[in-house]
Amino acid sequence: MRNFNLTPSRRVRRTPFSDRVERAGVEAYTVYNHMLLPTAFQSAEADYHHLKRHVQVWDVSCQRQIEVRGRDASRLLQMLTPRDLRSMMPGRCYYTPMVDETGGMLNDPVTVKLAEDRYWISIADSDLLFWVKGLAYGFRLEVDITEPDVSPLAVQGPQAEELMSRVFGASVREIRFFRFSRLPFQGQELVVARSGYSKQGGFEIYLEPAELAEPLWDALMTKGADLQVKAGCPNLIERIEAQLLSYGNDMTRENTPQECGLGRFCDTLTAIGCVGRDALLRTAMEGPVRQIRSLAVEGDPVAPCLDPWPLFAPGTTTQVGQVTSAAWSPDFNTNVAIGMVQLSHWTGGTQVEAETPDGRRTSIVQNSAFIQ
Ligand code: THG
């Protein structure tokens, strides 16, 4: 497929970092939550090697926040997710599958608990706001639901902690995984969490107000010069290796959290109030019949996976799943992929055939993500 230009308009929102991102040489964008998301600076492979060795600054403003505030905030949050939120303390971030009344995935956000009556839902690419507002209206809940102008900036890579400590002070080193602190930057307190869409370690700064965007970007770039800091973005190769899922690509409303391998983030029995609870309890009785798996696709580097590639039992026309993300991995010296695989073929080591744009490729189902 050819590449085309992206026509700018009000519907395709720029971010407070876009001017800096463009000065840093962004090569490609996608649109995520109606907002620009960089997808390449040098190339997917060059960015990948740099991310694994050094530190990168990512404009992930498109991880928009749905703010839920008010007396019924906790009740509404528990309606959205089968993860039990009763023991969630302010200062915590939870990865939270969110489902509709059929148990179908609507989004897989990070939920940030700012206070007993105040949350941010840091969403993946779907218009979850309308569902949240609809529930609040339908159940007459006492909550305000807004999309504040919060722009997350991720600092990812093995040198992320060193760089962050130079900008925010040594206390960033004390922040534990999926927790946040409020740390001062130019007179404002910013939410700084240890999280991010890579397995290389790092932080996310929930920037607001927007006027601080360029000062923050510049401080990270200046103080990280000797660490070889660069502008980067979520990396397709690294996230497939790590089996980090992409909503709309690897899963949709057609899938339950169990099918997505997100069962470890569900407590369906005790998540009283979750609107998908009954449906999920019913499907849990039988157990899923297909599930997300990592796969190794043999042969030369594959083309990008746009429409899903069917997976077949070897030498047959019996479909046993589909691949939804794939890329060549330099470190594993094979194509790495994420797919949904039927129960009959999902055991690690099972051989299947992926129908790629250039023909069938032998593929091996993995027991886990690709880990060094
Ligand atoms: N950070 C924030 N918001 C986000 C993302 C993020 N919104 C969009 C998107 N990413 C949501 N999806 C994910 C997917 C995976 C993870 C976070 C958000 C993730 N998962 C780890 C894992 O699966 O290994 C850890 C989860 C855990 O142990 O709790 O980090 O990246 N703010």
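Further up the page is the structure itself.
Throughout what follows, the structure given in this document is the object of discussion. (Residues numbered from 1 in each chain as written. Predicted model: local features only at pLDDT ≥ 70, side-chain atom pairs only at ≥ 80, totals over all residues. Heavy atoms only, no water.)

**Digging into empty space enclosed by the protein**
Stage number 1. If you walk through the whole model with that rule in mind, you get one cavity of 30 Å³ or more.
Stage number 2. Its volume calculated, the largest cavity comes out at about 40 Å³.
Stage number 3. Lining the largest cavity we find Pro257, Gln258, Cys266, Thr268, Leu280 and Ala284.
Stage number 4. Partitioning the lining of the largest cavity into residue classes produces four nonpolar, two polar and no charged. (1 Å grid on protein atoms, 1.4 Å probe; cavity = no way out; pocket = protein on both sides within 12 Å on 5 of 7 lines; lining within 4 Å. Points joined across faces, edges and corners; volume = space filled by probe spheres on them. Nonpolar A, V, L, I, M, F, W, Y, C, P; charged D, E, K, R; others polar.)

**Considering helix α8 (residues 277-286)**
Stage number 1. For α8, the set of buried residues is Arg277, Ala279 and Leu280. Mapping the buried residues of α8 onto a view down its axis gives an arc of 155°, with all of them on the same face. When the buried face of α8 is taken as reference, the exposed residues oriented beyond 90 degrees from it are Asp278, Arg282, Met285 and Glu286. (Buried < 20%, exposed > 50% of the residue type's maximum accessible area, 1.4 Å probe, protein only. Helix = DSSP H or I, 4+ residues; strand = E, 2+ residues; numbered from the N terminus. Arc of directions from axis to C-beta.)

**So, the site of the ligand**
Stage number 1. The environment of the ligand is formed by 18 residues, the closest being Gln63, Ser122, Lys199, Glu204 and Tyr206.
Stage number 2. Between serine 122 and the ligand, the recorded distance is 2.7 Å, taken from a side-chain N or O atom to a nitrogen atom.
Stage number 3. The side chain of glutamate 204 places a nitrogen or oxygen atom 2.9 Å from a nitrogen atom of the ligand.
Stage number 4. For the ligand, the protein covers 88% of the area, taking 640 Å² as the surface of the free molecule.
Stage number 5. In terms of residue class, the shell around the ligand is built from 11 nonpolar, three polar and four charged. (Near = heavy atom within 4 Å. Polar contact = N/O pair within 3.5 Å; in protein donor to acceptor, adjacent residues only side chain to side chain. Areas by Shrake-Rupley, 256 points an atom, 1.4 Å probe, with all protein chains shown as cover.)

**Brief notes about unusual backbone geometry**
Stage number 1. A cis amide bond links glutamate 208 with the next residue in sequence, proline 209, at an omega value of 10°.
Stage number 2. Looking at the secondary structure, you find proline 209 in the loop between β14 (202-207) and α6 (213-223).
Stage number 3. If you check the backbone angles, glutamine 228 has positive phi at about 60° while not being a glycine.
Stage number 4. Structurally, glutamine 228 is set in the loop between α6 and β15 (230-232).

**Describing the pairing of strand β12 (residues 180-185)**
Stage number 1. When β12 meets strand β13 (residues 188-193), the two strands line up antiparallel, connected through six bridges. Across the sheet, leucine 183 pairs through a bridge with leucine 190, a residue of β13.
Stage number 2. Between the end of β12 and the start of β13, which pair antiparallel, lie two residues, with glutamine 186 showing a positive phi angle near 45°. (Pairing = 2+ DSSP bridges.)

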